[in-house]
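The lines below spell out each chain.
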Amino acid sequence: MKLKKKWIEQGFINEPVDESLDLKKEIRRMCKEKNAVILAHYYTQGEIQDIADFIGDSLALAQKAAKTDADIIMMCGVHFMAETDKILCPDKKVLVPDLNAGCSLADSCKAEDLKKYKEEHPGYQVVSYVNTTAAVKALTDIVVTSGNAKKIVDTFPQNAKLIFGPDYNLGSYINSITGRDMLLWNGGCHVHERFSVDGIVALKKAHPEAVILAHPECKGPVLAIADVVGSTAVILKYAIESDKKEFIVATEAGILHEMQRKCEGKTFYPVPPEVSEGSVGCSCNECDYMKMNTLLKIYNALKYEWPEVDVDEDIAREAVKPINKMLELS
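Model, not experiment: these values are computed from the prediction.

Quick notes on the pairing of strand 12 (residues 267–270)
Now for step 1: Across 4 bridges, strand 11 (residues 246–250) lies against strand 12 in parallel orientation. Opposite Glu 246, over in strand 12, you have Thr 267 as the bridge partner.
Now for step 2: With respect to chirality, the unit in which strand 11 leads through helix 14 (residues 255–262) into the neighbouring parallel strand 12 is right-handed.

Observations concerning the packing of aromatic side chains
Now for step 1: With the rule as written, the count across this model stands at 3 aromatic pairs.
Now for step 2: Residues Trp 7 and Tyr 304 carry aromatic rings whose centres are separated by 5.3 Å and whose planes lie at 55° to one another, so their mutual orientation is tilted. Remark: Tyr 304 occurs in helix 15 (residues 295–304) and Trp 7 occurs in helix 1 (residues 5–10); sequence separation between them is 297 residues.
Now for step 3: Taking relative accessible area as the criterion, Trp 7 reaches 3% and is therefore assigned buried.

Some details on the packing of helix 4 (residues 58–67) against helix 5 (residues 79–88)
Now for step 1: Two elements in contact, helix 4 and helix 5, have axes whose closest approach is 9 Å; the angle formed by their N-to-C orientations is 30°. Relative to helix 5, the element helix 4 lies roughly parallel. Crossing handedness for the pair helix 4 and helix 5: right-handed. Note on element contacts: helix 5 touches helix 4 through Phe 80, Met 81, Thr 84, Asp 85 and Leu 88, opposite Ser 58, Leu 61, Ala 62, Ala 65 and Ala 66.
Now for step 2: Of the residues assigned to the contact of helix 4 with helix 5, the class counts are 7 nonpolar, 2 polar and 1 charged.

Notes on the side chain of Thr 145
Now for step 1: Tracing the chain through its elements places Thr 145 in the loop between strand 6 (142–144) and helix 9 (149–153).
Now for step 2: Apart from the residues lying within four places of it in its own chain, the contact partners of Thr 145 are Leu 59, Tyr 129, Val 130 and Met 326.

Quick notes on the rules
Residues numbered from 1 in each chain as written. Predicted model: local features only at pLDDT ≥ 70, side-chain atom pairs only at ≥ 80, totals over all residues. Heavy atoms only, no water. Pairing = 2+ DSSP bridges. Helix = DSSP H or I, 4+ residues; strand = E, 2+ residues; numbered from the N terminus. Right-handed = clockwise from strand over helix to strand, strands pointing away. Phe/Tyr/Trp six-rings, centres within 6.5 Å; stacked < 30°, edge-to-face > 60°. Buried < 20%, exposed > 50% of the residue type's maximum accessible area, 1.4 Å probe, protein only. Axes fitted to C-alpha atoms, helices over the stretch in contact; angles between N-to-C directions. Parallel < 35°, antiparallel > 145°, perpendicular 65-115°, else oblique. Left-handed = near helix turned anticlockwise from the far one by under 90°. Contact = heavy atoms within 4.5 Å. Nonpolar A, V, L, I, M, F, W, Y, C, P; charged D, E, K, R; others polar.

Take it as geometry only, folks, not as evidence of what the structure does.
Here you go:
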């Protein structure tokens, strides 16, 4: 079916549907009909997580994509995740609800800039966070996630010359717990960089028994007062297994949906973002890109099998190497 020019220009299909249509039911019907699988990140809206075949963090989603026998992968997350799926599954059709769902971290490290930086630092190996474009991964020696970064960095000799990017906060945290001195790219996540330390202190004062859970993409002062530092999967697991009943959560608020679903009887308090002078405060801290995914966009993307994500063959051939190294060590 020929796509309208305006759909291509805006990066998603905005065709309205009958309000009586049960989008969740229709999405599941099309998945069965087209042999499609829906993968969703913890940071997407709760109603998307509810209809997904699998939800997880970046590592788990990549592992799932590598093993799926579906013909179509619908990646509900951000663009670099869909690129990773396509690199791992070149014979499959990879769809996204909205091509505009990018990532501030990935945007902070351009391939041409990393290439120049490598040339300025001969003898260094590159450890890239998974939140990067396929072109950056193609210039990388090994990819890591927040959940396996320490484990993978520990496989290098202690005196190895390493460049870590693009997340400065994660790299700084890994340096601190491994005793290394990796060169750090100055990038950051627009969500995790703005968590309020004062907000955490206020929540802790109001809920003194609550455990503070923080993602390692957060700034140093946040990590310094956290009780548990880890990836979304790690902090979710901790919340499930802990005998504590209250938790202060410093990561994107979408994770609260899965936490509440799996932790009946427990209470979670999202850490608010820092509030600049003159602005209105918000009780949670959300990724604008993740929230671009909607049920309507998923429905239309499955119906028309667009937007589709492709990766240049030459880039994919190089980018798959560091991704596979990561998966082998994970």
